[in-house]
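Residue-level listing of the chains:
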Amino acid sequence: MEYIIQTKNLSKKFGKELAVNGVDIRIAKGEIYGFLGPNGAGKSTTIRMLLGLMKPTSGKVAIFGKDLKSERINILKKVGSLVENPSYYPHLTAKENLEAIRKIVGVPKTRIDEVLKTVRLQDAANKKVKGFSLGMKQRLGIATALLNKPELLILDEPTNGLDPSGIIEIRELIKSLPEKYGMTILISSHLLSEIDQIATTVGIITKGKMIFQDSIEEMRMFARQYIKLKVSQHEHAWRTLLASGMKAELEDGHILLSDQTDQHVAEAVQLLVQQGISIYRVEEDKKSLEDIFLQMTKEELAG
Amino acid sequence: MLAILQSEWFKLRKSKIILILFVGPLIGLFIGLTGNLIDVGEQMNQWYSPLFMMNFTYATLFLPLISGVLASVICRYEHQEGGWKQLLALPVTRGKVFLTKYLLLVLLVLFIQILYLGAIYAVGVIKGFTDPFPLTIVWKSIIGGWVATMPLVALQLWLSILFKSFAAPFAVNVIFTLPTILAVNSERFGPYYPWAQPFSMMYVGGSTDDVFFIPWDQLLTVVGGSFLIFFLCGYIYFQRKPI
C-alpha cells in the first residue's frame with residue numbers, strides 16, 4: 001500500500017514532557033483523514049512536524065513516499081496547509097495576502113480569483129484582513145492552502161471558531177475536494193462531530209499517543225446500540241425481564257436491552273404487558289461517536 | 001530566492017511604514033538647509049561644510065536607528081498573525097528566508113543612502129554652491145556608510161526575529177546608538193565601536209589614503225568581524241527557532 005503520509009515512531013519532547021509519543025500515521029491517497037484528539041493531545045505538534053516547522057526528537061516522516069528531512073522543498077511544493085489559528089498579514093487585503101504567497105509558490109495570478117471564489121470571499125477580496133471575522137479569516141486560510149493546487153491538504157482545526165452555517169459550508173467544501181481534485185486531506189479537530197461526516201479514516205491521539213487508527217466504519221462499530229424502554233415501575237419491570245432470562249440493564253429509570261432483534265424486543269414487550277406494566281416508549285438508543293470518542297480518550301487517561 | 005524577495009518587497013511596499021525611508025534624507029536636507037554653515041575656509045571645497053554638519057546627525061543617529069526600525073518592520077507582520085508558520089510551511093528554506101530579508105534590508109539602506117546623496121546635492125544647489133561637486137569623496141562616503149551599516153542591520157534582523165515586540169529591538173538599537181556620539185570623539189574606542197563605523201566611514205574629513213575613510217584593517221576587523229558575528233548568530237538562531 002502506498003501512503004501519502006507515513007510516519008514511523010514520530011516523537012517530540014519538550015523538556016521532559018513527551019508531547020508526541022511514537023506516533024505512526026498512515027494516510028492513503030484520496031482519503032480524508034480525521035485527526036482527532038482533545039486540546040493539548042499533540043495534534044498541532046504532529047502537524048508542525050509533518051510540515052517541517054518543527055524537528056522531531058525521533059522518528060521519521062515520509063510524504064509522497066519521500067523522506068521529509070531530505071526532500072522537504074519538493075514535498076512542500078505539493079502541500080497546502082493551515083496550521084492552528086489562521087495566519088495572515090493584517091495590513092494586506094485578502095487578495096494581497098494571496099498575492100504575497102502566490103509570488104513564492106509561483107502559480108498564475110488567475111488562481112487568486114479562483115481560490116477566493118472557492119471559499120466564497122470574492123466580495124471581501126479588496127478589504128483589509130484586519131477587519132475580517134474569524135470565519136472569514138479561516139476561509140482565507142483555506143484559500144491560501146489551496147493556492148498551489150496541492151495534492152495533500154493539511155488543515156489544523158479549520159472550523160475552529162466558525163458558526164454552524166460556516167462549519168457546514170467548510171465541511172461541504174472539504175468533502176468535495178478529493179473527488180474534484182484528487183486531493184488527500186488531513187484535517188484535525190478536537191470535536192468528532194466536526195469531521196464525523198467527512199472523514200473516511202480516523203486517527204485518535206491523546207496525551208501524545210495514537211490510540212485508534214482505522215476507517216470511520218470501524219470506529220462506528222464501537223457504537224453499541226440499545227433498545228431503550230420507558231415503563232412504569234421500572235425496578236419491577238427490570239426484575240421481571242431478568243427473571244425470565246433476558247439481558248437487560250437498568251439505567252436512569254430506563255431499561256436497556258442489548259439484544260435488539262425484532263423477536264427479542266417483541267417478547268420483552270409482551271412479557272411486560274402481561275405483567276400489567278405500562279410501556280410509554282420503545283426507542284433505539286444509539287451511542288454517538290462523540291460518546292465513544294470521549295470514552296476512548298477517558299479510558300486512556302484513566303489507564 | 002528572487003520569488004521570496006519579490007514577495008517580501010510586496011509585503012513591505014504595502015505597509016505605510018515604508019515612508020520611513022525618507023526620514024533620514026529629509027532630516028539631512030533640513031539640517032543642511034537651516035544650519036549655519038561652518039566656515040571651511042577658502043582652501044576647502046564649499047560642499048564640505050554641509051557635508052560635515054549633515055553627516056554627523058545622519059550617520060551617528062538616523063542611519064543606524066532607521067535601519068533598525070526597518071528590520072523590525074519586515075519581521076513585525078510575520079510575528080503578528082502567524083506569518084512565520086505560514087511562510088515557512090511553503091516550499092522555502094529558512095536560510096533563504098533569512099538571507100532574503102537581510103538582502104532586502106541592505107538594498108533599502110542603499111536606497112536611503114542614495115536619497116541622502118540627493119539631499120546633499122539639493123542643499124548645494126539651493127544654496128548656490130559654485131565649487132565643483134566632490135563626487136568621488138561623496139560616493140566614498142555614501143558607499144562607506146552603507147557598508148558600515150551592514151553589521152548593524154544583521155544584528156537588528158536577528159533581534160527582530162528573536163523578539164515579538166517591536167520595542168525590544170528598538171530599545172537595544174537606541175542603547176547602542178546613543179553612545180556613538182561619545183565614541184566618535186574617542187580615539188581609543190571610536191575605531192572599535194561598530195555603531196560608530198557609519199559615521200567614521202562617512203566622515204569626509206577622514207584619511208583618503210584608503211578606499212574608504214577608515215583603514216582597511218579596521219574595516220575588515222570591526223565592520224567585517226561584527227557583521228560575521230551578528231549575521232551568523234541571527235542565521236543560526238533562525239534555523240533553530242521553534243515556530
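Cut-offs and rules
Residues numbered from 1 in each chain as written. Chains lettered and ligands numbered in written order. Predicted model: local features only at pLDDT ≥ 70, side-chain atom pairs only at ≥ 80, totals over all residues. Heavy atoms only, no water. Helix = DSSP H or I, 4+ residues; strand = E, 2+ residues; numbered from the N terminus. Rg over C-alpha atoms; globule rule 2.2 N^0.38 Å. Buried < 20%, exposed > 50% of the residue type's maximum accessible area, 1.4 Å probe, protein only. Contact = heavy atoms within 4.5 Å. Areas by Shrake-Rupley, 256 points an atom, 1.4 Å probe, with all protein chains shown as cover. Lys, Arg positive; Asp, Glu negative; His and termini not counted. Charge placed at Lys NZ, Arg CZ, Asp CG, Glu CD. Pairing = 2+ DSSP bridges. Axes fitted to C-alpha atoms, helices over the stretch in contact; angles between N-to-C directions. Salt bridge = Lys/Arg side-chain N within 4 Å of Asp/Glu carboxyl O.

S.K.: Give a detailed account of the overall build of chain A, specifying residues and quantitative values.
M.R.: A count of helical and extended segments in chain A gives eleven helices and 15 strands. Against the compact-globule benchmark of 19 Å for 303 residues, chain A has a radius of gyration of 24 Å, which places it well outside the compact range. When the 303 residues of chain A are sorted by exposure, 50% land in the buried category. Pairs at least 24 apart in sequence give 68% of the contacts found in chain A among residues at least 6 apart. Accessible surface, chain A as shown: approximately 14,600 Å² in total, 48% of it carbon and sulfur. Taking the average location of the 43 positive side-chain charges in chain A and that of its 38 negative ones, the two points are 10 Å from each other.

S.K.: Could you give an account of the sheet that holds strand S13 (residues 248–251) of chain A, naming the residues involved and the relevant values?
M.R.: Residues and elements named next belong to chain A. Spatially, S13-S14-S12-S15 is the arrangement adopted by the four strands of the open sheet, whose pairing is antiparallel. What marks the edges here is a single partner per strand, and that holds for S13 and strand S15 (279–286). Neighbouring strand axes in the sheet, compared pairwise and without regard to direction, differ in orientation by 25° on average. Where strand S12 (residues 225–231) and S15 come together, seven bridges link them in antiparallel fashion. In the sheet register, Lys230 faces S15, and the bridge partner there is Arg281. Its contacts with the sheet put helix H9 (residues 234–243) on S12, S13 and strand S14 (254–257), and the angle it makes with S13 is roughly 165°. Running over the sheet, helix H10 (residues 262–274) touches S12, S14 and S15 and is turned about 155° from S15.

S.K.: Which residues make up the pattern of salt bridges, and what are the values?
M.R.: Residues and elements named next belong to chain A. This structure, assessed with the given rule, holds 15 salt bridges over all chains. Ionic pairing is found between Glu84 and Arg48, a salt bridge with its closest N-O pair at 2.9 Å. In this pair, Glu84 sits in the loop between strand S7 (79–82) and helix H3 (94–105) while Arg48 sits in helix H1 (residues 43–50), placing the two residues 36 residues apart along the sequence. Judged by relative accessible area, which is 30%, Glu84 ranks as partly exposed. Given a relative accessible area of 12%, Arg48 falls into the buried group. Connected via shared salt-bridge partners are Glu99, Arg102, Lys103 and Lys109.

S.K.: Now, about the sheet that holds strand S8 (residues 152–156) of chain A: what can you tell me, with residues and values included?
M.R.: Residue and element names in this part refer to chain A. Reading across the sheet, the six strands line up as S7-S8-S9-S4-S10-S11 and stay open at both edges, with mixed pairing between neighbours. Looking along the sheet, the strands with just one partner apiece sit at the ends: S7 and strand S11 (209–215). Taken over all neighbouring pairs, the strand axes of this sheet differ in orientation by 15° on average, direction set aside. Strand direction decides the pairing type here: strand S4 (residues 32–36) and strand S9 (residues 184–189), joined by five bridges, are parallel. Following the sheet pairing, Tyr33 is matched in S9 by Leu186.

These figures come from the coordinates and say nothing about function on their own.
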